[in-house]
Amino acid sequence: MKLAPLTCHPNTPSIITAVEVEMGRPQPAVLALRYRVTDPKRALVIPPAAVGERRDDLWKRTCFEAFICIPGGEAYYELNLSPSTHWAAYRFDSFRAGMADADGIISPRLDWLKTDNGFELRTLTDLSGMAGLPLDAPWRLGLTAVIEDGPDQLSYWALTHPPGVQDFHNAEGWTAEV
């Protein structure tokens, strides 16, 4: 597993001190992610636990995301993972165009726990049903987090933030490879 820090977008400050993610592919079609939030003041707002099912608009609260494509490709997938255990998956033909539910995805396994200094979310997601993601080649990833650390207080974290307003769909910020 590779470890990478996420950085907070400068326009959305947070009292959370760090977010990092470990990433890997333990099997050719499986994406493993472990997000860790360092939260010494215990400010992180965690959505209420629920039965894990597909839901839209998860990014309006604490949510961890992965953008997945093949290097050089325009089409991509977006995976949203909530501590509530709700999840969502979408397919795009190109930058914010041709959005559709990503059918064929198997419900991700989501586990989370509070730690001594924050929070951790782990997931294993089988992406074998995602057309266009080769199992024998690398995938390019944009790893992000929306962090709620108070009422109506959202911060946006990513591996890299391209210039301007925060936009997780901007492929310039997708700098990891597994």
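1. A closer look at the environment of Asp126
Next up, step 1: Along the chain, the position of Asp126 falls in strand E9 (residues 118-126).
Next up, step 2: Distance from Asp126 to Gln27, taken between C-alpha atoms, is 8.9 Å for residues 99 residues apart in sequence.
Next up, step 3: Only 2.7 Å separates the side chain of Asp126 from the side chain of Ser128, close enough to count as a polar contact.

2. Examining the side chain of Thr12
Next up, step 1: In this structure, Thr12 sits in the loop between strand E1 (2-8) and strand E2 (18-27).
Next up, step 2: Within the structure, Thr12 has its side chain in polar contact with the backbone nitrogen of Tyr156 (distance 3.1 Å).
Next up, step 3: Not counting chain neighbours up to four residues away, the residues in contact with Thr12 comprise Leu154, Ser155 and Tyr156.

3. Some details on the nonpolar core
Next up, step 1: Counting 36 residues, the largest nonpolar core has Leu6, Met23, Leu31, Leu33, Tyr35, Leu143 and Ile147 as its most contacted members.
Next up, step 2: Those elements that place two or more of their residues in this core are E1, E2, strand E3 (30-38), strand E4 (63-69), strand E5 (76-81), strand E6 (87-92), E9 and strand E10 (140-148).
Next up, step 3: When sequence neighbours within four positions are dropped, the list of residues in contact with Met23 reads Met1, Lys2, Ala4, Ala32, Leu33, Leu141, Leu143, Ala176 and Val178.
Next up, step 4: One finds Cys63, Ala88, Tyr156 and Trp174 within the second-largest nonpolar core, a separate group that totals 13 residues.

4. Notes on the state of the cysteines
Next up, step 1: Taken as a whole and judged by the stated rule, the model has 0 disulfides.
Next up, step 2: Summary of cysteine pairing: Cys8 is not part of a disulfide, and the nearest cysteine sulfur, belonging to Cys63, is at 16 Å.
Next up, step 3: Its relative accessible area of 0% is what places Cys63 among the buried residues.

Conventions adopted
Residues numbered from 1 in each chain as written. Predicted model: local features only at pLDDT ≥ 70, side-chain atom pairs only at ≥ 80, totals over all residues. Heavy atoms only, no water. Helix = DSSP H or I, 4+ residues; strand = E, 2+ residues; numbered from the N terminus. Polar contact = N/O pair within 3.5 Å; in protein donor to acceptor, adjacent residues only side chain to side chain. Contact = heavy atoms within 4.5 Å. Core = buried A, V, L, I, M, F, W, Y, C linked by side-chain atoms within 4.5 Å. Buried < 20%, exposed > 50% of the residue type's maximum accessible area, 1.4 Å probe, protein only. Disulfide = S-S within 2.5 Å.

Interpretation note: all reported values are geometric properties and have no functional meaning in isolation.
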